[in-house]
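Here is how the chains run, residue by residue.
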Amino acid sequence: EAEQEAKKAAEEALKKKLEQERADAIKKLSSAVTVTLLAKKELPKNYELGQYSEYQQFRIGVQNNTDKQIVGVSGEIKFIDVFDKEVGAVNFRISENIDPTKSATWVGGRDYNQFIEAHRAVWNLEQGKYTTKFIPEMVVFKDGSKLVVPE
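Residues numbered from 1 in each chain as written. Predicted model: local features only at pLDDT ≥ 70, side-chain atom pairs only at ≥ 80, totals over all residues. Heavy atoms only, no water.

## Focus: the nonpolar core
Put simply, the rule is: Nonpolar cores were defined as sets of buried Ala, Val, Leu, Ile, Met, Phe, Trp, Tyr and Cys residues, with membership established by side-chain atoms within 4.5 Å. Think of it in three bands: with a 1.4 Å probe and only protein chains considered, a residue is buried below 20% of the maximum accessible area for its type, exposed above 50%, and partly exposed in between. By the criteria applied, helices consist of DSSP H or I runs no shorter than four residues and strands consist of E runs no shorter than two, each listed in order from the N terminus. Note on definitions: a residue-residue contact is assigned when non-hydrogen atoms from the two residues lie within 4.5 Å.
Membership of the largest hydrophobic core comes to 28 residues, with the highest contact counts inside it found for Val33, Ile60, Phe79 and Phe92. Elements represented by at least two residues in this core include exactly helix 1 (2–32), strand 1 (33–43), strand 2 (55–64), strand 3 (70–81), strand 4 (86–94), strand 5 (103–111), helix 2 (117–124) and strand 6 (130–141). Sequence-distant contacts of valine 33, that is, excluding residues within four places in its chain, are made with Val62, Gln63, Asn65, Ile70, Val73, Phe134 and Val139.

## Topic: the environment of arginine 22
With respect to the helices and strands, the residue arginine 22 is situated in helix 1. You can call arginine 22 partly exposed: its relative accessible area is 35%. Separated by 126 residues in sequence, arginine 22 and valine 148 have C-alpha atoms that sit 9.3 Å apart.

## Describing the sheet that holds strand 4
Just so we agree on the cut-off: A pair of strands is labelled paired if DSSP reports no fewer than 2 bridges between them. To define axes, lines are fitted to C-alpha atoms, for helices over the stretch in contact only, and angles between the resulting N-to-C directions are given on a 0 to 180 degree scale.
Spatially, 4 strands are ordered 4-3-6-7 in an open sheet, and the strand pairing comes out antiparallel. At either end of the open sheet lies a strand with only one pairing partner, and these are strand 4 and strand 7 (146–148). Put simply, the sheet's adjacent strands are angled 25 degrees from each other on average, direction ignored. Looking at chain direction, strand 3 and strand 6 are connected through 11 bridges and run antiparallel. Paired with valine 73 across the bridge in strand 6 is valine 139. Helix-sheet contacts for helix 1 involve strand 6 and strand 7, and the interaxial angle to strand 6 is about 95 degrees. The strands touched by helix 2 within the sheet are strand 3 and strand 4, with strand 4 carrying the most contacts at an inclination of about 95 degrees.

## Structural notes on helix 1
One turn of an α-helix holds 3.6 residues; hence residues three or four places apart share an orientation. The condition is simple: Helix span is expected to be 1.5 Å times the residue number reduced by one.
End to end, helix 1 covers 45 Å across 31 residues, agreeing with the expected 45 Å (1.5 Å per residue, within 8%). Within the sequence span of helix 1, burial applies to Ala25, Leu29 and Ala32. At its buried positions, helix 1 is contacted by strand 1, strand 2, strand 6 and strand 7.

## Regarding the sheet that holds strand 5
Taken together, 3 strands build an open sheet; the order of strands is 1-2-5 and the sheet is antiparallel. Lying at the two open borders of the sheet, with one neighbouring strand each, are strand 1 and strand 5. Neighbour-to-neighbour, the strand axes of this sheet turn through a mean angle of 20 degrees, independent of strand direction. Direction of pairing for strand 1 relative to strand 2: antiparallel, over a ladder of 10 bridges. Residue pairing in the sheet places lysine 41 in a bridge with glutamine 57 of strand 2.

## Some remarks on the environment of lysine 102
Note that lysine 102 resides in the loop between strand 4 and strand 5. For the pair formed by lysine 102 and lysine 27, sequence separation is 75 residues and the distance between their alpha carbons is 20 Å.

## Quick look at the side chain of lysine 78
For clarity, the cut-off: Polar contacts, as counted here, are pairs of nitrogen or oxygen atoms within 3.5 Å of one another; within protein the pair requires one atom able to donate a hydrogen and one able to accept it, and residues that are adjacent in sequence qualify only if both atoms are side-chain atoms.
If you trace the backbone, lysine 78 turns up in strand 3. Lysine 78 sits in the buried class, given a relative accessible area of 18%. For lysine 78, the side chain forms a polar contact with the side chain of glutamate 76, separated by 3.3 Å. Side chain to side chain, lysine 78 and glutamate 86 meet in a polar contact 3.3 Å long. Apart from residues no more than four positions distant in its own chain, lysine 78 is found in contact with Glu86, Gly88, Ala89, Thr131, Thr132, Lys133 and Ile135.

As structure tokens, this is what we get:
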């Protein structure tokens, strides 16, 4: 029984250690870059332009808060409605050179799928009636170093 208790205590200690490491990594990564959603657009089908499905377009701004050049940022923008409920998210990978203390704008998106609840929820959010939250994953610097959030 004592062996079981010791094993359980070791598992709890490891869990707390890993959670703290993840929280520290997120904090460090979040201070390295500031990421914000600048705009969200819903684009209808346009066969003449070769766009065969509706499209959700996002403009994301990234500010480099470090003294090193950034060559890539990845993460997730979570959409939160007026009831503080997360209704959807967009993953992104930006491969832009961003000099120290400078910023860049990235435009990307995804095909809209009306059968995916999160796509519908983000599509239907009205300007001024939602907030966003950036969840960082990785920042890659020109010198090859990286800030990574552990899984």
